[in-house]
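Coordinates in review
Read off the chains here:
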Amino acid sequence: MTLQMAGMMVGSLVGSLLSDRYGRRAAFLSNYALAVIAISALAFNPLMYGIHVLLFLDGWAIIVRGFAVIVLITEMLPSKWRDATSIVHTIVFSLGYATLPLIAYLAKDWRWTMGICGAIGLLLLPATLFVPESLGWLLQNNRLKRARKLARRIAKVNQMPVDTTKHLFKELDYNTQEHELKPISVAAETNTNQQDAEESLVVSKPNNPVKPSARRYSYVHLVRYPYLRYRILIYCLCWSSVNLCYFGLSLNTNQLNGNRYLNFFFAALVEPPASLLCFFLIRKLGSRIAFAVQMSIAGLLLIVTPLLQNVHDEVSVATAVLGKLFVAGGYTLVFTCTGDLFPTLLRNQAYGASSFVSRMVALLVPYILYIGETTDPSIPYIVMAATALLSSAIVLLLPETKGQQLPNTFQESKAFKGSIKCHRRSEA
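Note that the structure is a prediction, hence the values are computed from the model and not measured. (Residues numbered from 1 in each chain as written. Predicted model: local features only at pLDDT ≥ 70, side-chain atom pairs only at ≥ 80, totals over all residues. Heavy atoms only, no water.)

Some remarks on the overall build of the protein
Put simply, the rule is: Numbering goes from the N terminus for both helices and strands, where a helix is a DSSP run of H or I of at least four residues and a strand is a run of E of at least two. Classification of residues uses two cut-offs on accessible area relative to the type maximum, computed with a 1.4 Å probe and protein chains only: under 20% is buried, over 50% is exposed, and between them is partly exposed. In this analysis, two residues are considered to be in contact whenever any of their non-hydrogen atoms come within 4.5 Å of each other. Exposure was quantified through the Shrake-Rupley algorithm and a 1.4 Å probe, taking into account, for residues, occlusion by the shown protein chains and nothing else.
Secondary structure summary: the protein contains 18 helices and two strands in total. The buried share of the protein, taken over its 428 residues, is 49%. A separation threshold of at least 6 residues defines the contact pool for the protein, and within that pool the share at least 24 residues apart is 79%. If you sum the accessible surface of the protein, you get close to 21,100 Å²; carbon and sulfur atoms cover 66% of it.

In structure tokens, the structure reads:
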């Protein structure tokens, strides 16, 4: 588990940059194929070092592929369908996760389990070729020819009238010019009226276009601007809390009383209802409050679970499974909504930075569980409950994105108002 989590950690950091440079579709297809190869090879590899390498590559492929899909959904769909489609994606993932204990029960051997999973992935491989590139990524990287071709395909599939198609092409040309960026010189530090650094990225005029691909953005930009820095720090904490609780509960099912296959199955089966619950909560409360509600309930349930283990086995298993439901809901929310507060050119990096930090924390899960096995079984639950309650409180400092359009530029991202006021020292 540690090696696979290390692969996820490195993949979070590097894979995001690859997705931004080469496209969401290329990142998805290449890493889906890599995951299928790694899982299939695990079934036949006789060497221990080979297993280590394959587990690392599988973790890398899982996280890069997952980010590419969620960013692709975010950038391709209007706001009214974006949350629903992202949640459907997590439901399908959860259903596949719920079939894993059945495969493991029937196979009885881990190599057969890996072989069956690899065969299923291979059967689904042709369907991935129909995944399109992100229209937003094509426009931001000045790939106008491919963007127009994709727009024609969208119009054809949706049976749009010819007039509507022409209007769509005009909108594409307009938006392409509108969102082109050019760097301008930054005023000297002695200028007390200096604007925020992100305002140095201004809209270029049609008579002086500069290709947006001329400037690349990195993780440094997430911490350079105060409002982005506070947001990414909060998301890193929320991601860390969710990963710690999610993998802690998933790996600790064997320590619960009862059949381990059934415990794992029930812990996986609650994830689709958790995703459906997220759909209704987002619509009613918004992503920020919905996350706070789910993680606070999960924290309370995690506190109760160890207290019930010595009282009633079935009740303690039920509270742990119910806690997993709300943690899975928090995972769905943070995975779906992280990119809503960041501009297009930094959206994938926001996912990558948050996931990288959270995977570092998740590497500690096996050791926390080991401490619980050798000392006090309640210790893992206390740690998970504390982080869940902390994240449920700090997420309320973020701006609410309910009903808002996805920000494309730095200015649009800054326009979201939260509970934290960011000022430069010279302006304070």
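The rest of the description comes next.
A look at helix α1 (residues 2-22)
Worth spelling out the cut-off: Each helix should span, by expectation, one fewer than its residue count multiplied by 1.5 Å. The reported bend at a residue is simply the angle between two axes, fitted to the 7 residues ending at it and to the 7 residues beginning with it.
Between its first and last C-alpha, α1 extends 29 Å over 21 residues, near the 30 Å set by a 1.5 Å rise per residue. In the structure, α1 departs most strongly from a straight axis at S12, where the bend amounts to approximately 40°. Buried within α1 are the following residues: M5, A6, G7, M8, M9, G11, S12, G15, S16, S19 and D20. Taken together, the buried residues of α1 touch α2 (24-42), α3 (48-76), α6 (135-140), α10 (226-251) and α15 (344-362). G23 sits one or two positions beyond α1 and adopts a positive phi of about 110°.

Thoughts on a positive patch on the surface
Note the following rule: Residues forming no salt bridge and having over 30% relative accessible area are the ones grouped into patches, like charges within 9 Å of each other and nonpolar side chains (Val, Leu, Ile, Met, Phe, Trp, Tyr) within 5 Å. For salt bridges, the criterion is a side-chain nitrogen of Lys or Arg within 4 Å of an Asp or Glu carboxyl oxygen. Only four residue types enter the charge count, namely Lys and Arg as positive and Asp and Glu as negative; His and the chain termini do not. Every charge is mapped to an atom, namely NZ of Lys, CZ of Arg, CG of Asp or CD of Glu.
Residues R143, K145, R146 and K149 make up a contiguous surface patch of positive charge. Looking at where R146 falls in the secondary structure, it is placed in helix α7 (residues 144-157). The class for R146 is partly exposed, based on a relative accessible area of 41%.

So, the packing of aromatic side chains
To be explicit about the condition: Paired rings are identified among Phe, Tyr and Trp, the last through its six-membered ring, by centres lying within 6.5 Å, and are further divided according to the angle between planes into stacked (under 30 degrees), edge-to-face (over 60) and tilted (the rest).
Scanning all chains against the criterion turns up eight aromatic pairs. With a centroid separation of 6.1 Å and an interplanar angle of 45°, the aromatic rings of F28 and Y32 are classed as tilted. Of this pair, F28 and Y32 are both found in helix α2, four residues apart, which corresponds to roughly one turn of the helix. Summarising the aromatic geometry, the rings of W239 and Y351 are spaced 6.3 Å apart at their centres and angled 85° between planes, so their arrangement reads as edge-to-face.

A look at a nonpolar patch on the surface
Taken together, the side chains of L285, I289, V293, I297 and L396 present a nonpolar region at the surface, about 320 Å² in accessible area. Of the residues forming the nonpolar patch, the biggest block, three residues, is contributed by helix α13 (residues 287-308). Its place among the elements puts V293 in helix α13. Its relative accessible area of 33% is what places V293 among the partly exposed residues.

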